[in-house]
Amino acid sequence: MEAPAAPRNPADIEITVNSPEQMRELGRRLAKLLRSGDLVMLTGELGAGKTTLTRGLGEGLGVRGAVTSPTFVIARVHPSLGEGPPLVHVDAYRLGGGLDEMEDLDLDVSLPESVIVVEWGEGKVEELTDDRLAVVIHRAVGDTTDEVRHVTVTGLGGRWAAVDLSVLSA
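Residues numbered from 1 in each chain as written. Predicted model: local features only at pLDDT ≥ 70, side-chain atom pairs only at ≥ 80, totals over all residues. Heavy atoms only, no water.

**Description of helix H2 (residues 50–61)**
Consideration 1: With 12 residues, H2 ought to run about 16 Å at 1.5 Å a step, and its terminal C-alpha atoms sit 16 Å apart, in line with that.
Consideration 2: Counting buried positions along H2 yields nine of 12 residues, so the element is predominantly enclosed.
Consideration 3: Listing the buried residues of H2 in full gives Lys 50, Thr 51, Thr 52, Leu 53, Thr 54, Gly 56, Leu 57, Gly 58 and Leu 61. (Helix = DSSP H or I, 4+ residues; strand = E, 2+ residues; numbered from the N terminus. Expected span 1.5 Å × (residues − 1). Buried < 20%, exposed > 50% of the residue type's maximum accessible area, 1.4 Å probe, protein only.)

**Details of the pattern of salt bridges**
Consideration 1: Tallied over the full model, the rule gives six salt bridges.
Consideration 2: For Glu 21, the salt bridge is made with Arg 28, and the minimal N-O distance between the two is 2.5 Å.
Consideration 3: Connected through shared salt-bridge partners, Glu 21, Arg 24, Glu 25, Arg 28, Arg 29 and Glu 59 make up one network. (Salt bridge = Lys/Arg side-chain N within 4 Å of Asp/Glu carboxyl O.)

**Some thoughts on the packing of aromatic side chains**
Consideration 1: Scanning the entire structure with this criterion turns up zero aromatic pairs.
Consideration 2: Over the face of the ring belonging to Trp 160 we find Arg 159, whose NZ or CZ atom lies 4.0 Å from the ring centre. (Phe/Tyr/Trp six-rings, centres within 6.5 Å; stacked < 30°, edge-to-face > 60°. Lys NZ or Arg CZ within 6 Å of the ring centre and 35° of its normal.)

**What about the nonpolar core?**
Consideration 1: One finds Val 151, Val 153 and Leu 168 to be the most contacted residues of the largest nonpolar core, which totals 28 residues.
Consideration 2: With four residues, helix H1 (residues 20–31) is the largest single contributor of residues to this core.
Consideration 3: Counting residues in hydrophobic clusters, the runner-up holds nine residues, among them Val 90, Ala 92, Val 118 and Leu 128. (Core = buried A, V, L, I, M, F, W, Y, C linked by side-chain atoms within 4.5 Å.)

Structure (structure tokens):
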């Protein structure tokens, strides 16, 4: 098995995930670091585990409703069952343009009081905020049943400068 690439910068954390349940658990751990106003961008090929990670985030945040892929509805809002922020889960896969095309979703309005998770958001939502968490999920491609994923989590901006992401690999 090939070792994961070296982290791109000191704010990166590399995590190896061996099953869908471990991906959900990573989401639950990540949820403990999130608060209203956070933007999480998920990148990875089809089947990498983006929605599975988001399902764990929803469990960790204590939101209502089953977290499923929002591919055909573009965005789903999961209200909090407690005092925490709602989860806005966006799938930007079918959106070709940048933030202009996503304006109808009012993500800029939702961001201050929500946690927004955007699948396939790279190159489309960065203008929302300088403070974001980039999560890249790498998996073996081709005809494989390999469940191993290499996840790189990078905190960008002042919000994440003092956050210890190493707790995610615990």
